[in-house]
Structures are given as C-alpha cells and as structure tokens.
Amino acid sequence: MRCVRTPIKSTVYKYELGKGLEDGFEPYSEVVTKGWFVTDNLVKVTRDNGLIVCPFIDHRRGRTFVCENDYVIVDDDGTKHLCGHDKIFDRYQIIDEE
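All of the points below concern the structure found in this document. As a convention, each chain's residues are numbered from 1 in the sequence order in which they are written. Where local features are concerned, this predicted model is filtered to residues with pLDDT of at least 70; where side-chain atom pairs are given and counted, the filter is 80 or more; whole-chain, interface and lining totals use all residues. Side-chain figures throughout are based on the complete set of non-hydrogen atoms in the structure, without hydrogens or water.

What about the overall build of the protein?
On a plain count of helices and strands, the protein comes out with two helices and seven strands. From first element to last, N terminus to C terminus, the protein shows the α and β order β-β-α-β-β-β-β-β-α. Once the C-alpha set of the protein is aligned to its principal axes, its extents read approximately 45 × 35 × 25 Å. Throughout this description, buried means an accessible area under 20% of the type-specific maximum (1.4 Å probe, protein chains only), exposed means over 50%, and partly exposed covers the range between. The burial tally for the protein puts 28% of its 98 residues in the buried class. A contact between two residues is defined here by any heavy atoms of the two lying within 4.5 Å. In the protein, the proportion of contacts linking residues at least 24 apart, taken out of those at least 6 apart, comes to 50%. Per element, the accessible surface of the protein, about 7600 Å² overall, is 48% carbon and sulfur. Taking the 14 positively charged and 18 negatively charged side chains of the protein as two groups, their mean positions are separated by 6 Å. Put simply, DSSP marks the helices as runs of H or I at least four residues long and the strands as runs of E at least two long, and each gets a number from the N terminus on. Values of accessible area rely on a 1.4 Å probe in the Shrake-Rupley scheme; residue burial ignores everything except the protein chains shown. For the charge count, each Lys or Arg is scored as positive and each Asp or Glu as negative, with His and the chain ends excluded. All charge positions are set by atom: Lys at NZ, Arg at CZ, Asp at CG, Glu at CD.

In structure tokens, the structure reads:
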C-alpha cells in the first residue's frame, strides 16, 4: 500500500547548546563503547571536571545523539526528533518565521 504522510505542524530549532533543546547528556565514553553508529560528527561538550558528554533526544525508538548542524523538531503533539542540516528543508517547508 502506498501512502502520503499526513501533515503535522512542527517547530524547528537549529540545535544550540544551552537552549535546553536536548533531553539529556551521556558520557562520550559510553556513547563510543555502547553505540552502533558513526561518532565523527557528534556534538561533544567538555564539563568543568573534564568529562566529555554528548547531548541526546529521547523518542519512542530510543535515543538519538545530536550531531553538528542538526535541527531539533518538536511536533505539535509533543513528539521530538532530530533532522540533519542536509535534509531539513527537503522535509520541512517554512510556513512562518518566529
């Protein structure tokens, strides 16, 4: 069966550290040793104690770590997810600028 996705209004934010867009942070050492994904472009933050952490978004399929130039998408139903800068405006059309 072929379908067209129903429209969902969303708010799109360019990820910036300190804006509270992430759901949390995980130590980079945990991300590297327990993850099954490419870590080259992950956002990495060094805490005052020297610990390097990576921001993430929790969603129904698990946890996604924020990469450089990612956008955080918050759908009107509260669902949160990430989209890369290379795909964001192929998938999302701007309807108004806040």
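A word on the environment of Tyr13
Its location among the elements puts Tyr13 in strand 1 (residues 10-14). Accessibility expressed as a relative area gives 35% for Tyr13, which makes it partly exposed. Each C-alpha atom of the pair Tyr13 and Phe25 lies 18 Å from the other, and the pair is 12 residues apart in sequence. Beyond its immediate sequence surroundings of up to four residues, Tyr13 is in contact with Leu21, Asp70, Tyr71, Val72 and Val74.

Let's talk about the pairing of strand 7 (residues 80-83)
In short, DSSP must find at least two bridges between two strands for them to pair. Bridge count between strand 6 (residues 71-75) and strand 7: four bridges; the pairing is antiparallel. Note that in strand 7 the partner of Tyr71 across the bridge is Cys83.

Remarks on the pairing of strand 5 (residues 62-65)
Across four bridges, strand 4 (residues 52-59) lies against strand 5 in antiparallel orientation. Across the sheet, Ile57 pairs through a bridge with Thr64, a residue of strand 5. Here strand 4 hands over to strand 5 after two residues, the two strands then running antiparallel side by side.

Details of the layout of surface pockets
The method is simple in principle: a probe with the dimensions of a water molecule rolls over the atoms, and the space it marks as empty is what remains. One number sums up the size of the largest pocket: a volume of about 1100 Å³. Breaking the lining of the largest pocket down by element, the ones donating at least two residues are strand 1, strand 6, strand 7 and helix 2 (88-91). Sort the elements by how many residues they give to the lining of the largest pocket and strand 1 lands first, with five residues. Across the lining of the largest pocket, the residue classes tally to 12 nonpolar, eight polar and 12 charged. With a 1 Å grid laid over protein atoms only, a set of points is called a cavity when a 1.4 Å probe fits there but cannot get out and a pocket when it is open yet has protein on both sides within 12 Å along at least five of seven lines; lining residues have an atom within 4 Å of a point. Grid points are joined across faces, edges and corners, and a volume is the space filled by probe spheres set on the points. Put simply, Ala, Val, Leu, Ile, Met, Phe, Trp, Tyr, Cys and Pro go in the nonpolar bin, Asp, Glu, Lys and Arg in the charged bin, and everything else, Gly too, in the polar bin.

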